[in-house]
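Next come the chains, spelled out residue by residue.
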Amino acid sequence: QMKKWQQEKKEIREHLKGLRSSAKKHTDTRDRYLKTIDDKEKQYNVYLNKFLDTSNRFANEKVKLEELIKKSQDESQECEKRAVKAELSVFQTWKETEVWKLNGTVAKAEANLQMLKALS
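Owing to the predicted nature of the structure, the values given are computational and were not obtained by experimental measurement.

Scoring rules and cut-offs
Residues numbered from 1 in each chain as written. Predicted model: local features only at pLDDT ≥ 70, side-chain atom pairs only at ≥ 80, totals over all residues. Heavy atoms only, no water. Helix = DSSP H or I, 4+ residues; strand = E, 2+ residues; numbered from the N terminus. Buried < 20%, exposed > 50% of the residue type's maximum accessible area, 1.4 Å probe, protein only. Areas by Shrake-Rupley, 256 points an atom, 1.4 Å probe, with all protein chains shown as cover. Lys, Arg positive; Asp, Glu negative; His and termini not counted. Charge placed at Lys NZ, Arg CZ, Asp CG, Glu CD. UniProt positions renumbered as here; feature names shortened; annotations may be inferred. Salt bridge = Lys/Arg side-chain N within 4 Å of Asp/Glu carboxyl O. Patch = residues over 30% accessible without salt bridge, like charges linked within 9 Å, V, L, I, M, F, W, Y side chains within 5 Å.

Student: With reference to specific residues and values, describe the overall build of the protein chain.
Tutor: Looking only at helices and strands, one finds one helix and zero strands in the protein chain. The C-alpha extent of the protein chain, read off along each of the three principal axes, is 170 × 15 × 10 Å. Taken across its 120 residues, the protein chain has 0% of its residues classed as buried. Working note: accessible area of the protein chain is about 11,900 Å², and carbon and sulfur atoms make up 59% of it. Here the protein chain contributes 27 positively and 20 negatively charged side chains, and the mean placements of these two sets differ by 12 Å.

Written out as structure tokens, the structure reads:
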């Protein structure tokens, strides 16, 4: 009976030793996976932060560009208005010049008529 118990005790110890070894392997594997997960998570956070920074930079740049486009459009409209006013001014001046020339021609014609009447 004693030998039988000792044999069972020995088998149980060996089995327990095997279980401890297996548990250690599983613990080591779990620790490796946890380390890998932590490393991947850190890497993910670095990439996420880079992405967010880049995204924010581009969003800010987009807003600035939209403001510049709006400002350029406003300036373009102002330039167009000034160009139209300048063109109108040129046409007005040209009209006044032509009217002045025509008035001069009319005055000469009237003077010639007066002279012709006086001669006749």
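Student: Which residues make up the UniProt feature "coiled-coil region" (unreviewed entry) in the protein chain, and what values do they have?
Tutor: Residues annotated in UniProt with the feature "coiled-coil region" (unreviewed entry) correspond here to residues 55-89. The span residues 55-89 carries 100% helix and 0% strand; its end-to-end C-alpha distance comes to 50 Å.

Student: Describe the pattern of salt bridges, naming the residues involved and giving the relevant values.
Tutor: Summed over the entire model, instances satisfying the criterion amount to five salt bridges. In this structure, the salt-bridge partner of Lys-24 is Asp-28, at a minimum N-O distance of 3.5 Å. Of this pair, Lys-24 and Asp-28 are both found in helix H1 (residues 2-119), four residues apart, which corresponds to roughly one turn of the helix. Here Lys-24 falls in the exposed class, since its relative accessible area comes to 52%.

Student: A description of a nonpolar patch on the surface should follow, citing residues and the corresponding values.
Tutor: There is a patch of nonpolar side chains on the surface, built from Tyr-44, Leu-48, Phe-51 and Leu-52 and spanning about 400 Å² of accessible area. Mapped onto the elements, Phe-51 comes out in helix H1.

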